[in-house]
Amino acid sequence: MKWMAVAALVAVLLALIYLKSSVGPVPLPMLIATIAGVGFSVLLGTALMGLVFLSNASGHDDEASGKDGYDGGDAP
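Residues numbered from 1 in each chain as written. Predicted model: local features only at pLDDT ≥ 70, side-chain atom pairs only at ≥ 80, totals over all residues. Heavy atoms only, no water.

Enquirer: I keep staring at helix H2 (residues 28-58) and nothing clicks. Help me out?
Expert: Because an α-helix completes one turn every 3.6 residues, residues spaced three or four positions apart along the sequence face the same direction. In this model, H2 (31 residues) spans 44 Å end to end at C-alpha, consistent with the 45 Å of a helix rising 1.5 Å per residue. Taken together, the buried positions of H2 are occupied by Thr34, Gly39, Thr46 and Ser55. Among the residues trailing H2, Gly59 stands out with phi positive, at a value near 90°. (Helix = DSSP H or I, 4+ residues; strand = E, 2+ residues; numbered from the N terminus. Expected span 1.5 Å × (residues − 1). Buried < 20%, exposed > 50% of the residue type's maximum accessible area, 1.4 Å probe, protein only.)

Right under this line is the structure:
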């Protein structure tokens, strides 16, 4: 869970550095919107990816698809 917050913080800092270098002085509303938007997006993305891996590892995907396990597929 800590790595998600660190990833969000790094993404926010990189976005703010980019804005500062390209726009110049960043107005307060733009600063708040960037922090909230980038931070929330990274946290949501990492949480959803974590749920995808958890679902796959726990077997919930197999239950939902009706498969009992890996059958080798149609791969050559």
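Enquirer: Can you walk me through the confidence of the model for the protein chain in this structure?
Expert: Any segment with low pLDDT has predicted coordinates that should not be analysed in fine detail. On average, residues of the protein chain score 84 in pLDDT, and 78% of them are at 70 or above. Here helix H3 (residues 60-65) stands out as the least confident element of the protein chain, with mean pLDDT 68; helix H1 (residues 2-23) is the most confident, with 93. (pLDDT = per-residue confidence, 0-100.)

Enquirer: Would you mind going over a nonpolar patch on the surface with me for this structure?
Expert: Taken together, the side chains of Val6, Leu9, Val10, Leu13, Leu14 and Ile17 make up a nonpolar region of the molecular surface, amounting to roughly 570 Å² of accessible area. For Val10, the location among the structural elements is in helix H1. Take Val10: its relative accessible area is 42%, and that puts it in the partly exposed class. (Patch = residues over 30% accessible without salt bridge, like charges linked within 9 Å, V, L, I, M, F, W, Y side chains within 5 Å. Areas by Shrake-Rupley, 256 points an atom, 1.4 Å probe, with all protein chains shown as cover. Salt bridge = Lys/Arg side-chain N within 4 Å of Asp/Glu carboxyl O.)

Enquirer: Explanation requested: H1 in the structure shown.
Expert: Between its first and last C-alpha, H1 extends 31 Å over 22 residues, near the 32 Å set by a 1.5 Å rise per residue. Three or more residues of H1 are buried, namely Met4, Ala8, Val12, Ala15, Leu16 and Leu19. Down the axis of H1, the sector holding all buried residues measures 100°, keeping them to one side. Among the exposed residues of H1, those oriented more than 90 degrees off its buried face are Lys2, Trp3, Leu9, Leu14, Ile17, Tyr18, Lys20 and Ser21. Next to the buried residues of H1 lie H2. Residue Gly24 follows H1 closely and has a positive phi angle near 100°. (Arc of directions from axis to C-beta. Contact = heavy atoms within 4.5 Å.)

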